[in-house]
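So you can see what is in the structure, the chains are spelled out below.
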Amino acid sequence: MATPIHYYIWYRVPGDAGPARAAVNAAVADVARATGVAGRLCQRCDDPSTWMEIYEHVHDVHAFDAVLAAALIRHGVEAHVPDGRHVERFIDHP
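Procedures and definitions
Residues numbered from 1 in each chain as written. Predicted model: local features only at pLDDT ≥ 70, side-chain atom pairs only at ≥ 80, totals over all residues. Heavy atoms only, no water. Helix = DSSP H or I, 4+ residues; strand = E, 2+ residues; numbered from the N terminus. Buried < 20%, exposed > 50% of the residue type's maximum accessible area, 1.4 Å probe, protein only. Polar contact = N/O pair within 3.5 Å; in protein donor to acceptor, adjacent residues only side chain to side chain. Contact = heavy atoms within 4.5 Å. Pairing = 2+ DSSP bridges. Axes fitted to C-alpha atoms, helices over the stretch in contact; angles between N-to-C directions. Core = buried A, V, L, I, M, F, W, Y, C linked by side-chain atoms within 4.5 Å.

A.B. asks: Honestly, the side chain of Arg85 in this entry has me stumped. Any pointers?
C.D. replies: Tracing the chain through its elements places Arg85 in the loop between helix H2 (61–75) and strand E4 (86–90). Arg85 gets classed as buried once you look at its relative accessible area, which sits at 15%. At a separation of 2.4 Å, a polar atom in the side chain of Arg85 contacts the side chain of Glu53. Discounting residues that sit within four places of it in the chain, Arg85 has contacts with Ile9, Trp10, Tyr11, Glu53, Leu68, Leu72, Val77 and Glu78.

In structure tokens, the structure reads:
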């Protein structure tokens, strides 16, 4: 089995947080249903407009990326993130 990958995706939501939160939560739920990877949404403690999605223990990166991209489009997440999303992938330190 391949080493699991952990996704940390951060971005700024400068506008109304309500619709943005609804879109992101819907996308996260879609990803969980399709992949079994339950993501979580966090916000920076000193800047509530900076958000981070965390997805841990992803085993099939290509399938996960495709599901995530489709969910983002389906729920219009990019409309709430004018400066883009920053995707970082990590593995556990040996």
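A.B. asks: Got a minute to help me understand the environment of Asp83 in this structure?
C.D. replies: Within the fold, Asp83 resides in the loop between H2 and E4. In this structure the C-alpha to C-alpha distance between Asp83 and His6, which are 77 residues apart in sequence, comes to 22 Å.

A.B. asks: Honestly, the sheet that holds strand E1 (residues 5–12) in this entry has me stumped. Any pointers?
C.D. replies: Pairing between the strands of a sheet comes from backbone hydrogen bonds, and it takes one of two forms, parallel or antiparallel. Taking strand neighbours across the sheet as the criterion, the 4 strands line up as E2-E3-E1-E4 in an open arrangement whose pairing is antiparallel. Of all strands in the sheet, those bounded by a partner on one side alone are strand E2 (40–44) and E4. Each strand axis lies, on average, 25° off the axis of its neighbour in the sheet, ignoring direction. In this structure, E2 lies alongside strand E3 (residues 47–58), joined through 5 bridges in antiparallel fashion. Its bridge partner lying in E3, Cys42 is registered against Met52. Helix H1 (residues 17–35) contacts E1, E2 and E3 of the sheet and is inclined by roughly 0° relative to E3.

A.B. asks: Teacher, can you tell me more about the nonpolar core here?
C.D. replies: Soluble globular proteins tend to bury their nonpolar side chains together. Grouped together as the largest cluster of nonpolar side chains are 21 residues, with contacts concentrated most on Tyr7, Tyr11, Tyr55, Val58, Phe64, Leu68 and Val77. Those elements giving two or more residues to this core turn out to be E1, H1, E3 and H2. For this core, the element with the most residues is H1, which contributes 6 residues.

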